[in-house]
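Structure at a glance
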Amino acid sequence: MPVRLSRLGTLVAAALLGVATLSAQQQAPAPAAAPPPAAPVREQPRADFSTVTSLVSTDVIPRDGAGQFLADLKREDFVVIEDGVAQTVASLTLVHGGRFFNLAAPPPAPVEEGMVLPPPRPVNDAAGRIFLLFVDDLHLDFRQTPRIRDLFKKISTQLIHDGDMFGIVSTGPSSISVDLTYDRKRLEESIKKISGSGLKPKDILEQPNGQQGNQELRYRAHVAFSTAYDLMRELEKVQNRRKALIFVSNGFDFDPFPQGRLQRDALYGYNQTGMDPRDPAAVTNRQGQQFADADLARELADLTRAANRANATIYTIDPRGLVGGAEMDDEVDMVEWGNHVRKTQDSLRVLAEETGGTAVVNQNDFERALKKIDAETSDYYVLGYYSSNPDPTRKRRAIEVKVNKPGVSVWARKGYALKTPKDDEKSK
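Values in this document were obtained by computation on a predicted structure and should not be read as measured data.

Procedures and definitions
- Residues numbered from 1 in each chain as written.
- Predicted model: local features only at pLDDT ≥ 70, side-chain atom pairs only at ≥ 80, totals over all residues.
- Heavy atoms only, no water.
- Salt bridge = Lys/Arg side-chain N within 4 Å of Asp/Glu carboxyl O.
- Helix = DSSP H or I, 4+ residues; strand = E, 2+ residues; numbered from the N terminus.
- Core = buried A, V, L, I, M, F, W, Y, C linked by side-chain atoms within 4.5 Å.
- Buried < 20%, exposed > 50% of the residue type's maximum accessible area, 1.4 Å probe, protein only.
- Contact = heavy atoms within 4.5 Å.
- Phe/Tyr/Trp six-rings, centres within 6.5 Å; stacked < 30°, edge-to-face > 60°.
- Lys NZ or Arg CZ within 6 Å of the ring centre and 35° of its normal.
- Pairing = 2+ DSSP bridges.
- pLDDT = per-residue confidence, 0-100.
- Axes fitted to C-alpha atoms, helices over the stretch in contact; angles between N-to-C directions.
- Left-handed = near helix turned anticlockwise from the far one by under 90°.
- Nonpolar A, V, L, I, M, F, W, Y, C, P; charged D, E, K, R; others polar.
- Polar contact = N/O pair within 3.5 Å; in protein donor to acceptor, adjacent residues only side chain to side chain.

1. Notes on the pattern of salt bridges
- On inspection of all chains with the given rule, the structure shows 19 salt bridges.
- The partner of Arg 342 in a salt bridge is Asp 346, and the shortest N-O contact between them spans 3.8 Å. Linking Arg 342 with Asp 346, this pair stays in helix α8 (residues 334-353), spanning four residues, or about one helical turn.
- Salt bridges linked by common partners bring Arg 129, Asp 164 and Asp 374 together as one network.

2. Section: unusual backbone geometry
- Positive phi, normally seen in glycine, also occurs at Ser 175, with a value near 50 degrees.
- Relative to the elements of secondary structure, Ser 175 occurs in the loop between β7 (165-170) and β8 (177-181).

3. Quick look at the nonpolar core
- Counting residues in hydrophobic clusters, the biggest one holds 37 residues, and the most contacted among them are Phe 225, Met 232, Leu 245, Phe 247 and Leu 303.
- Broken down by element, the residue count for this core peaks at nine residues, all from helix α5 (residues 215-235).
- Other than its neighbours up to four places away in sequence, Met 232 contacts Leu 245, Leu 303, Ala 306, Ala 307, Ala 310 and Ala 312.

4. Here we look at the packing of aromatic side chains
- One pass over the structure, following the stated rule, counts five aromatic pairs.
- Linked through ring pairs, Phe 134, Phe 225, Phe 247 and Phe 252 together constitute an aromatic cluster.
- One residue, Arg 242, lies across the ring of Tyr 380, its end atom 5.6 Å from the ring centre.

5. Points about the pairing of strand β1 (residues 55-63)
- Burial runs high along β1: seven of the nine residues are buried.
- As paired strands, β1 and strand β12 (residues 380-386) are joined by six bridges and run antiparallel to one another. The residue of β12 that forms the bridge with Val 60 is Tyr 381.
- Where β1 lies against strand β14 (residues 409-412), four bridges are found, and the strand directions are antiparallel. Directly across from Pro 62, in β14, lies its bridge partner Val 410.

6. Quick notes on the confidence of the model for the chain
- Averaged over the chain, the pLDDT score is 79; the fraction of residues at 70 or greater is 72%.
- Averaged pLDDT values over the elements of the chain bottom out at 41 in helix α1 (residues 7-27) and peak at 97 in strand β11 (residues 359-360).
- For residues 41-52, every residue scores under 50 in pLDDT, and the model assigns this stretch 18 contacts once sequence neighbours within four places are set aside.
- Below a pLDDT of 50 lies the segment residues 120-126, which in the model reaches five contacts outside its immediate sequence neighbourhood of four places, other chains included.

7. Quick notes on the packing of helix α2 (residues 145-159) against helix α9 (residues 366-378)
- The geometry of α2 relative to α9 is characterised by a closest axis approach of 10 Å and an angle of 35 degrees between their N-to-C directions. Relative to α9, the crossing made by α2 is right-handed. Along the contact surface, α2 presents Arg 147, Leu 151, Lys 154, Ile 155, Gln 158 and Leu 159, while α9 presents Phe 366, Glu 367, Leu 370, Ile 373 and Asp 374.
- Of the residues in the contact of α2 with α9, the class split is six nonpolar, one polar and four charged.

8. So, the sheet that holds strand β5 (residues 99-104)
- What the five strands build is an open sheet, ordered β5-β4-β12-β1-β14; its pairing is antiparallel. Single-partner strands in this sheet number two, and they are β5 and β14. On average, each strand axis in the sheet is inclined to that of its neighbour by 25 degrees, with strand direction left out of account.
- Where α9 meets the sheet, its contacts fall on β1, β4 (89-96) and β12, and the angle it forms with β1 comes to roughly 120 degrees.

9. What to know about the side chain of Arg 129
- In this fold, Arg 129 is placed in the loop between β5 and β6 (130-135).
- Arg 129 gets classed as buried once you look at its relative accessible area, which sits at 4%.
- There is a polar contact of 2.7 Å between the side chain of Arg 129 and the side chain of Asp 374.
- Side-chain polar atoms of Arg 129 contact the side chain of Thr 377, separated by 2.8 Å.
- In contact with Arg 129, not counting residues within four places along its chain, are Leu 159, His 161, Gly 163, Asp 164, Met 165, Arg 241, Arg 242, Asp 374, Thr 377, Ser 378 and Tyr 380.

10. Digging into the sheet that holds strand β13 (residues 396-403)
- An order of β3-β2-β13-β15 is seen for the four strands of this open sheet, with the pairing classed as antiparallel. The open sheet terminates on both sides in strands that have one partner only, identified here as β3 (85-87) and β15 (415-417). On average, adjacent strands in this sheet sit at an angle of 30 degrees to one another, irrespective of strand direction.
- Alignment of strand β2 (residues 78-82) against β13, held across five bridges, turns out to be antiparallel. Pairing of Val 80 across the sheet is with Val 401, part of β13.

Below you can see the structure in the form of structure tokens.
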């Protein structure tokens, strides 16, 4: 039975067959008479050609039993498994104490006919990290603007060091957009412009609901996720650098204060369910809101997939710190306030955990958290391999990285996803 070929395999096999036929015709002498009919030749199985040729990279942080980073590992010490299949490590670089070590370069690209170009010059600043500072001012409380600016000042002095590249972008009225740079003055100027402009609980309660719930709330969330998604697309172009997105936000909740909004709807005549707004069953009957949690989960999944494709880690920070009760003028039920805070913090946890980062939520010790982020982004390996996954059509792929030494714990991303037509549409 013939083996199915990929399109690339079919073209290559056809080309080889044509070359072989032409060569035979040129070398064989003309026969004196027509030969007798040859016996049918049994078709031989053809090798399949892999369609995955791009280098898959992942950051790896190995630590011993005492939590100390191991800086003496070699390529043969690492074991990489993708979807249960062992992979061959093609490249390995080490960044330790601000110094860059190329332990194993990837194999050179195949030689092509035509002009021979000299090898590219090594990049002198390859050892530095890349930080993108994400100011989600559409989901930051205006009343906490001084606290937010103070947080970014600490990020500037305690996290970003000489040799690190950084950029900063906002989602709302702060109007900040600074491309990757080393100029700290640009960061200082941007910090002065930061101002929270998130919706207050009272604003959410007073706005009428549309088919997708609170339209203003959904729009703000869409802008935030789209902006972060675009940043991941740009980071995907950068190789062999430690890439981190410092995501500063109060988090997301697509269905906040459901009971309070039902009561407001009844008060202003918006309630069309015919049910008592105090009845919990009325919450699930509101048009367009019963899938709010699923919509949020989909947005979070899209962003984390993009981050894993770019080998970027998301560190989320909630500048509210240790959250207490709502303000008196918010006019929101304390139980619903607690549920809202939990949902927003959980959304930040998902972004961090699914990309190998840390969620700094419900705590006030930002200096300690920044030291931890600094340590995790200072000492690391960048490991690369060419996937030999037996199923080239598989979109989501799990990665497991181990070290052939006892007592070593390894941090690495858990997987990645190939681009789909949906991802291409989202990026337009």
